[in-house]
Amino acid sequence: MSNVVVNIPSWFELDDLVVINTIVNEENPTFGTLIASDNINLEKPYRPRIRVYLIKLDNDKFNIEKELGSFTFKTQNEALDFSEKFSTISAVELLHKLHNEQVAYAI
């Protein structure tokens with residue numbers, strides 16, 4: 001995880017979210033991405049979920065602006081692998097991942 005300081009809101013902790021990684025935009029360091037999970041340690045009776053948030057710099061700290069997406073994985077390793085490789089995923093790959101999840105839940 002990078003050394004980015006993020007204001008963690010109370011709802012984040014109430015939802016049992018854990019920060020996995022933060023990525024600051026290299027071209028515009030006032031924006032970034034925060035990657036979190038609400039079941040990365042498999043303590044709950046559902047699959048590990050990764051949540052992706054947009055963060056914005058405000059007075060030397062980042063604030064969570066909005067959730068960009070949520071991804072469910074079959075295993076903890078898949079979830080961690082996705083979060084580690086997130087900064088290298090193309091927009092097309094991300095859209096396909098979102099679409100695949102929607103189709104899987106609709107069936």
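Residues numbered from 1 in each chain as written. Predicted model: local features only at pLDDT ≥ 70, side-chain atom pairs only at ≥ 80, totals over all residues. Heavy atoms only, no water.

**Structural notes on unusual backbone geometry**
At step 1: For Asp-16, which is not a glycine, the phi torsion comes out positive at approximately 60 degrees.
At step 2: On the secondary structure map, Asp-16 appears in the loop between α1 (10-14) and β2 (18-24).
At step 3: With relative accessibility at 42%, the residue Asp-16 sits in the partly exposed group.
At step 4: Positive phi, normally seen in glycine, also occurs at Asn-59, with a value near 55 degrees.
At step 5: Following the sequence through the fold, Asn-59 ends up in the loop between β4 (49-58) and β5 (61-72).
At step 6: Among the residues examined, Asn-59 registers a relative accessible area of 69% and is labelled exposed. (Helix = DSSP H or I, 4+ residues; strand = E, 2+ residues; numbered from the N terminus. Buried < 20%, exposed > 50% of the residue type's maximum accessible area, 1.4 Å probe, protein only.)

**Details of the pattern of salt bridges**
At step 1: For the structure shown, the criterion picks out five salt bridges.
At step 2: Residue Lys-44 is joined to Asp-16 by a salt bridge in which the shortest nitrogen-to-oxygen separation is 3.3 Å. Taken together, the residues span a long stretch of sequence, with Lys-44 in the loop between β3 (31-37) and β4 and Asp-16 in the loop between α1 and β2 at a distance of 28 residues.
At step 3: Taking relative accessible area as the criterion, Lys-44 reaches 27% and is therefore assigned partly exposed.
At step 4: Between Asp-81 and Lys-85 there is a salt bridge; the shortest N-O distance is 3.3 Å. Taken together, the residues span about one helical turn, with Asp-81 and Lys-85 both in helix α2 (residues 76-85) at a distance of four residues.
At step 5: Asp-81 gets classed as partly exposed once you look at its relative accessible area, which sits at 34%.
At step 6: Through salt bridges that share partners, Asp-38, Arg-49, Arg-51 and Glu-67 make up one connected network. (Salt bridge = Lys/Arg side-chain N within 4 Å of Asp/Glu carboxyl O.)

That is the geometry; function is a separate question.
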